[in-house]
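The primary structure of each chain is shown beneath.
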Amino acid sequence: MMTVMTTTRLRPGQEAEWDAAMRARFYSARERPGWISGQLLTSDDESSNRVIVGTWRSREDWEAWHSDPAFLDQRATLRHLEEEPSRSEWFRVVADARAGDPA
């Protein structure tokens, strides 16, 4: 399992539109092979900062989704709402624990 963390800063006043577009993106990811989960985070101190946490079976699954024409079209919309280019960093999942998991 791999987790990608992407950070970005949004243009002032664009937060609600960007968040809605990202929710739609999460919804579309649910149908993609290899998608496990996603979270959209915002800072209490900086309302224009966003962190996307996506967990995938493999980086190749994520890359396949990122080459999909519908994804690329949606990405162009998101970029227009961002103050600066996003940055992504990959992590290999070493342990995963969730509520309700057996001990």
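So, how was this worked out
- Every chain is numbered independently, its residues counted from 1 as its sequence is written.
- Local features in this predicted model are restricted to residues whose pLDDT is 70 or higher, and side-chain atom pairs enter the listing and the counts only when it is 80 or higher, whereas totals over whole chains, interfaces and linings include all residues.
- With hydrogens and water excluded, all non-hydrogen atoms of the structure serve as input to the side-chain values.
- Runs of H or I in DSSP of at least four residues are treated as helices and runs of E of at least two as strands, each being numbered from the N terminus.
- In this treatment the radius of gyration is a C-alpha quantity, and the globule benchmark scales as 2.2 Å times the residue count to the 0.38 power.
- Think of it in three bands: with a 1.4 Å probe and only protein chains considered, a residue is buried below 20% of the maximum accessible area for its type, exposed above 50%, and partly exposed in between.
- By the convention used here, residues are in contact when the closest approach between their heavy atoms is within 4.5 Å.
- We define a salt bridge as a side-chain nitrogen of Lys or Arg found within 4 Å of a carboxyl oxygen belonging to Asp or Glu.
- Whenever a nitrogen or oxygen atom comes within 3.5 Å of another N or O atom, the pair is scored as a polar contact, on the condition that within protein one atom can donate a hydrogen and the other can accept it, and that pairs from neighbouring residues in sequence are kept only if both atoms are in side chains.

Caption draft 1: View of the overall build of the protein. Looking only at helices and strands, one finds three helices and four strands in the protein. For the protein, the succession of helices and strands along the chain, N to C, is β-α-β-β-α-α-β. Here the C-alpha atoms of the protein give a radius of gyration of 14 Å, agreeing with the 13 Å that 2.2 N^0.38 yields for 103 residues. With respect to the principal axes defined by its C-alpha atoms, the protein has extents near 45 × 35 × 20 Å. Buried positions account for 33% of the 103 residues belonging to the protein. Considering only contacts within the protein whose residues lie at least 6 apart along the sequence, 72% involve residues at least 24 apart.

Caption draft 2: Layout of the pattern of salt bridges. As enumerated under the stated definition, the model contains nine salt bridges in all. The partner of R32 in a salt bridge is D68, with the nearest N and O atoms 3.5 Å apart. Here R32, found in the loop between α1 (15-29) and β2 (35-42), pairs with D68, found in the loop between α2 (59-66) and α3 (69-81); they are 36 residues apart in sequence, far enough to count as distant. Put simply, R98 and D96 hold a salt bridge, and the shortest N to O gap is 3.0 Å. Taking the relative accessible area as the measure of exposure, D96 reaches 43% and is therefore partly exposed.

Caption draft 3: Spotlight on the environment of D96. With respect to the helices and strands, D96 occurs in the segment after β4 (87-92). Through-space distance from the C-alpha of D96 to that of M1 is 9.5 Å; in sequence the pair is 95 residues apart. Among the polar contacts listed, one links the side chain of D96 to the side chain of R98, at a separation of 3.0 Å.

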